Amino acid sequence: MHLYALSDLHLNHKENRRALATLPEQPDDWLILGGDLGEREEQLRYALDIAARRFARVVWIPGNHELWTLAPDLDQGEERYLRLVEVCREYNALTPEDPFPLWPGEGPPTLICPLFVLYDYSFRPEHVTLEGAIPWAVESGVLCNDERYLRTAPYAGVVEWCRQRTAYSIQRLEAALAEHPDALTTLINHFPMRYEHVRLWRIPRFSIWCGTRATEDWHRRFRARAVVYGHLHIPRTDYCDGTPFVEVSVGYPAQWSPDRGIARKLKRIF
């Protein structure tokens, strides 16, 4: 029995949809879907319908693309997120709003912890202020589409929503570890959890839309066996204090070879 992960499937691209249809059947294994599956509910349903029939359990977390509001009549902000949680529950997929289960496979007792922690523009150099972060990025020709499409109601902005999600996640993780004092965790978040892992050589100032410094020590604080994330479209594994940080993105069609199928992109976590 294994835990696998994929993120950033971007199913608005037909090439990626065709590739996901080749997902192998692994009925004894669990699969993490790590966010940015698409921008529309039907794209989430497409992914869940395939994954839930081919894996024993699916774990879902949102990326920023799932939260975009592309039309004024669509759900926005937290309401949109909670609507997607309900969609996942139709497919028996775990979400950041569900109890953290203990991994039923081999190895040390491990809580599987899907999280939804946003970004707060703090992945920036010390000399750049919060107020100056977006202008600093724009100076280099970079502006994330979140600034146009990501709605944050009922929160005043993404910084406030990130602060709320951070506090909520800490509370849940502390409670889970108090209940299971001998357990490790697998922390799963769409955004990177350490600034040092955001190595974007072509667009370095995009870092401000990539996470929060509030999670820098969570691998130690919450006894992580592994940390799983996406967002960067740069799949790799880094180690910090002996903990693997695994980036599991697939990416846009031009960034990989969809015609070769999705199986080779499945990343085994343990």
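A brief report on the enclosed structure follows.

### Considerations on the overall build of the protein
- Helix and strand counts for the protein stand at seven helices and nine strands.
- Against the compact-globule benchmark of 18 Å for 270 residues, the protein has a radius of gyration of 18 Å, which places it among compact chains.
- Here the protein holds 270 residues, and the buried ones make up 57% of them.
- Just so you have it, the protein exposes about 11700 Å², and 49% of that area is on carbon and sulfur atoms.

### Here's the deal with the nonpolar core
- Grouped together as the largest cluster of nonpolar side chains are 74 residues, with contacts concentrated most on Leu-9, Leu-23, Leu-31, Leu-33, Leu-187, Trp-209 and Trp-218.
- Ignoring sequence-local partners within four residues, the contact set of Leu-23 consists of Leu-6, Leu-31, Ile-50, Ala-51, Arg-54, Phe-55, Ile-262 and Leu-266.
- Membership of the second largest hydrophobic core comes to 16 residues, among which are Leu-3, Ala-5, Leu-94 and Phe-270.

### With respect to the side chain of Asp-238
- Position of Asp-238 among the secondary structure elements: in strand S7 (residues 236-240).
- In terms of polar contacts, Asp-238 uses its side chain to reach the side chain of Arg-236, at 2.9 Å.
- Contacts of Asp-238, omitting those with residues within four sequence positions, involve His-197, Arg-199, Tyr-229, Thr-243, Pro-244 and Phe-245.

### Observations concerning the state of the cysteines
- Across all of its chains, the model carries zero disulfides by this definition.
- Looking at the unpaired Cys-88, the closest cysteine sulfur is the one in Cys-113, lying at 17 Å.

### As for the pattern of salt bridges
- Applying the stated criterion across every chain, the model contains 14 salt bridges.
- In this structure, Glu-41 and Arg-83 form a salt bridge, with 3.0 Å as the shortest nitrogen-oxygen distance. Placement of Glu-41 in helix H2 (residues 41-54) and of Arg-83 in helix H3 (residues 77-90) is noted, with a sequence separation of 42 residues between them.
- A relative accessible area of 32% places Arg-83 in the partly exposed class.
- Asp-49 serves as the salt-bridge partner of Arg-53, at 3.2 Å between the closest nitrogen and oxygen. Residue Arg-53 and its partner Asp-49 are located together in helix H2, separated by four residues, close to a single helical turn.
- With relative accessibility at 54%, the residue Arg-53 sits in the exposed group.
- Here the residues in one salt-bridge network are Glu-41, Arg-45, Arg-83 and Glu-90, joined through shared partners.

### Details of unusual backbone geometry
- The omega torsion of the bond from Ala-153 to Pro-154 falls at 10°, within 30 degrees of zero and hence cis.
- Tracing the chain through its elements places Pro-154 in the loop between helix H5 (146-149) and helix H6 (158-179).
- Of note, Asp-36 is a non-glycine position whose phi angle comes to about 55°, a positive value.
- Structurally, Asp-36 can be placed in the loop between strand S2 (26-33) and H2.
- Positive phi is not limited to glycine here, since Tyr-121 has a value of about 65°.
- On the secondary structure map, Tyr-121 appears in the loop between strand S4 (110-114) and helix H4 (133-139).

### Describing the sheet that holds strand S5 (residues 184-188)
- The strand order across the open sheet formed by five strands is S4-S5-S6-S8-S7, and the pairing between neighbours is mixed. Two strands bound the open sheet, and with one partner strand each, they are S4 and S7. Here the strands of the sheet are splayed against their neighbours by 15° on average, with no regard to which way each runs.

### Digging into H3
- An ideal rise of 1.5 Å per residue puts 20 Å on 14 residues; H3 measures up with 21 Å between its terminal C-alpha atoms.
- In this structure, the buried side of H3 is in contact with H2, strand S3 (55-60) and H6.
- Immediately downstream of H3, the backbone of Asn-92 shows phi near 60°, a positive value.

### Digging into the packing of H3 against H6
- Where H3 meets H6, the axes come as close as 12 Å, and the angle between the chain directions of the two elements is 45°. Classified by the interaxial angle, the pair formed by H3 and H6 is oblique. Contact residues: Gly-77, Glu-78 and Tyr-81 in H3; Trp-161, Gln-164 and Arg-165 in H6.
- The residue makeup of the contact of H3 with H6, split by class, is two nonpolar, two polar and two charged.

### A word on the pairing of strand S8 (residues 243-247)
- Burial runs high along S8: five of the five residues are buried.
- Burial along S8 is two-sided: the face carrying Thr-243, Phe-245 and Glu-247 and the face carrying Pro-244 and Val-246 are both buried.
- One ladder, built from three bridges, connects strand S6 (residues 224-229) with S8; its direction is parallel. When the bridges of S8 are listed, Val-228 appears paired with Val-246.
- For S7 and S8, the ladder comprises five bridges, and the chain directions are antiparallel. Among the inter-strand pairings, Thr-237 is bridged to a residue of S8, identified as Val-246.
- Between the end of S7 and the start of S8, which pair antiparallel, lie two residues, with Asp-241 showing a positive phi angle near 55°.

About the thresholds
- Residues numbered from 1 in each chain as written.
- Predicted model: local features only at pLDDT ≥ 70, side-chain atom pairs only at ≥ 80, totals over all residues.
- Heavy atoms only, no water.
- Helix = DSSP H or I, 4+ residues; strand = E, 2+ residues; numbered from the N terminus.
- Rg over C-alpha atoms; globule rule 2.2 N^0.38 Å.
- Buried < 20%, exposed > 50% of the residue type's maximum accessible area, 1.4 Å probe, protein only.
- Areas by Shrake-Rupley, 256 points an atom, 1.4 Å probe, with all protein chains shown as cover.
- Core = buried A, V, L, I, M, F, W, Y, C linked by side-chain atoms within 4.5 Å.
- Contact = heavy atoms within 4.5 Å.
- Polar contact = N/O pair within 3.5 Å; in protein donor to acceptor, adjacent residues only side chain to side chain.
- Disulfide = S-S within 2.5 Å.
- Salt bridge = Lys/Arg side-chain N within 4 Å of Asp/Glu carboxyl O.
- Pairing = 2+ DSSP bridges.
- Axes fitted to C-alpha atoms, helices over the stretch in contact; angles between N-to-C directions.
- Expected span 1.5 Å × (residues − 1).
- Parallel < 35°, antiparallel > 145°, perpendicular 65-115°, else oblique.
- Nonpolar A, V, L, I, M, F, W, Y, C, P; charged D, E, K, R; others polar.

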